[in-house]
Amino acid sequence: MAAPEPLSLAGGAGEEAPEDDEDEAEAEDPERSAGAGGGRSGGGSGECQVQGPDSPLLPQGKKFMGDLQPDGRIVWQETGQVFNSPSAWATHCKKLVNPAKKSGCGWASVKYKGQKLDKYKAAWLRRHQLHMPAAAVDETPPTEAMPSGKRVENKVRVPVRYCMLGSRDSARNPHTLVEVTSFAAVNKFQPFNVAVSSNVLFLLDFHSHLTRSEVVGYLGGRWDTNSQMLTVLRAFPCRSRLGDTDTAAVIEEEIYQSLFLRGLSLVGWYHSHPHSPALPSLQDIDTQMDYQLRLQGSSNGFQPCLALLCSPYYSGNPGPESKIAPFWVMPPPEQRPSDYGIPMDVEMGYVQDSFLTNDIMHEMMLLVEFYKGAPDLVRFQEPWDQEHTYLDKLKISLTSRMPKDQGLCHALEQVYGALKQGS
């Protein structure tokens, strides 16, 4: 069966789709019953794309993948949320980029086969000689816009082996997860050693737990050419939304200043897959390869760049603790330059810090404040499983990354209290 055409949110960082006040209630409550819509048929898969800032260390784009169901509703693959209409989906996606966003017209924001849905709607209305006001509520999508006969189901991001990828294919889903390869499997040694501070994993894990959306941040540390040791000493969360170039620029400047004042170098980045395995996607592989080249610069000396992936809510994790996994990308073989880079499994040592620093506590409170009231904020008072709330799950996950001196536990309770209030 031929692959379905993609559905995409029109307009990246530089183009904003027209707005109206339609579907505001649906955007606030995306899983509300569809009600009597009738006449919807077909199915397909779609993607909602919001461009990331043009930054040397932030991913260049962010895509939201959804399944178009036969009744016209859209299921977001990442969380399983159900949206009643294109506008509800578009509004939700835009709010993830800009929480102040009020609404968005899905018919003018979502593309199918390269055309905005309002074009299909206008053609359908002309065919049936109907007229609707410009601010009409989303109703039945035109049947010619949907491929028929496709059984729609919630897709699980099943990882593929690198050897199954072959050459690059523009039709391949950039969110395809790829299993990492061990250096032993390709008869090579890991070209550098890694030691990661417990405070890095603590803050990274905390950041990843706060939202159902993916997060990103920087890693600061030092590279010792004599011992070939990369020491990761500090995580720097990006308190900005992908696509929000103004805020991203300010946050990046703060991070670079913080790196300089601490005498640290930029040594990598981190990223979350909230509900998927801690494995790199094709997009992550390309991003990491680009970062490695950027950090390398014009110098001939080798300097590694490390990527850390965190999976806080993946159902396949053995327990409440997040899975945090490092990876590095080996360039494809010279005889196959059009292949993807090879995601390599990296062994890393763990160094337990003596105590949580005040700046980490401050950063945690800034993160709580940043995500407060956002539509993708995790509701920490709700049950995560039969025995634990989401807050319980967070605390358990952070326990394994605690410092030796836990005298700041009372301060952590203040952070947890703010989380309860914010969600």
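Residues numbered from 1 in each chain as written. Predicted model: local features only at pLDDT ≥ 70, side-chain atom pairs only at ≥ 80, totals over all residues. Heavy atoms only, no water.

## Observations concerning the packing of helix α5 (residues 198-209) against helix α8 (residues 358-371)
Two numbers describe how α5 lies on α8: the axes approach to 10 Å, and their chain directions differ by 10°. On the basis of the axis angle, α5 is roughly parallel to α8. Residues Asn199, Phe202, Leu203, Phe206 and His207 of α5 lie in contact with α8, whose contacting residues are Ile360, Glu363, Met364, Leu367, Val368 and Tyr371. Residue classes in the contact of α5 with α8 are distributed as 8 nonpolar, 2 polar and 1 charged. (Axes fitted to C-alpha atoms, helices over the stretch in contact; angles between N-to-C directions. Helix = DSSP H or I, 4+ residues; strand = E, 2+ residues; numbered from the N terminus. Parallel < 35°, antiparallel > 145°, perpendicular 65-115°, else oblique. Contact = heavy atoms within 4.5 Å. Nonpolar A, V, L, I, M, F, W, Y, C, P; charged D, E, K, R; others polar.)

## Focus: the pairing of strand β10 (residues 229-237)
The pairing of strand β8 (residues 193-197) with β10 spans 4 bridges and is classified as parallel. From the neighbouring strand, alanine 195 faces β10, where its bridge partner is threonine 231. The pairing of strand β9 (residues 216-224) with β10 spans 8 bridges and is antiparallel. Within the sheet, the bridge partner assigned to tryptophan 223 lies in β10 and is leucine 230. (Pairing = 2+ DSSP bridges.)

## Details of the confidence of the model for the protein chain
Here the protein chain averages 77 in pLDDT, and 69% of its residues register 70 or above. Ranking the elements of the protein chain by mean pLDDT puts strand β1 (residues 7-9) last, at 40, and strand β12 (residues 306-311) first, at 98. Contacts for the low-pLDDT stretch residues 1-43, under 50 throughout, to residues beyond four places or in other chains number 127 contacts. Counting contacts from residues 128-154, a segment whose pLDDT is below 50, to residues more than four positions away or on other chains yields 64 contacts. (pLDDT = per-residue confidence, 0-100.)

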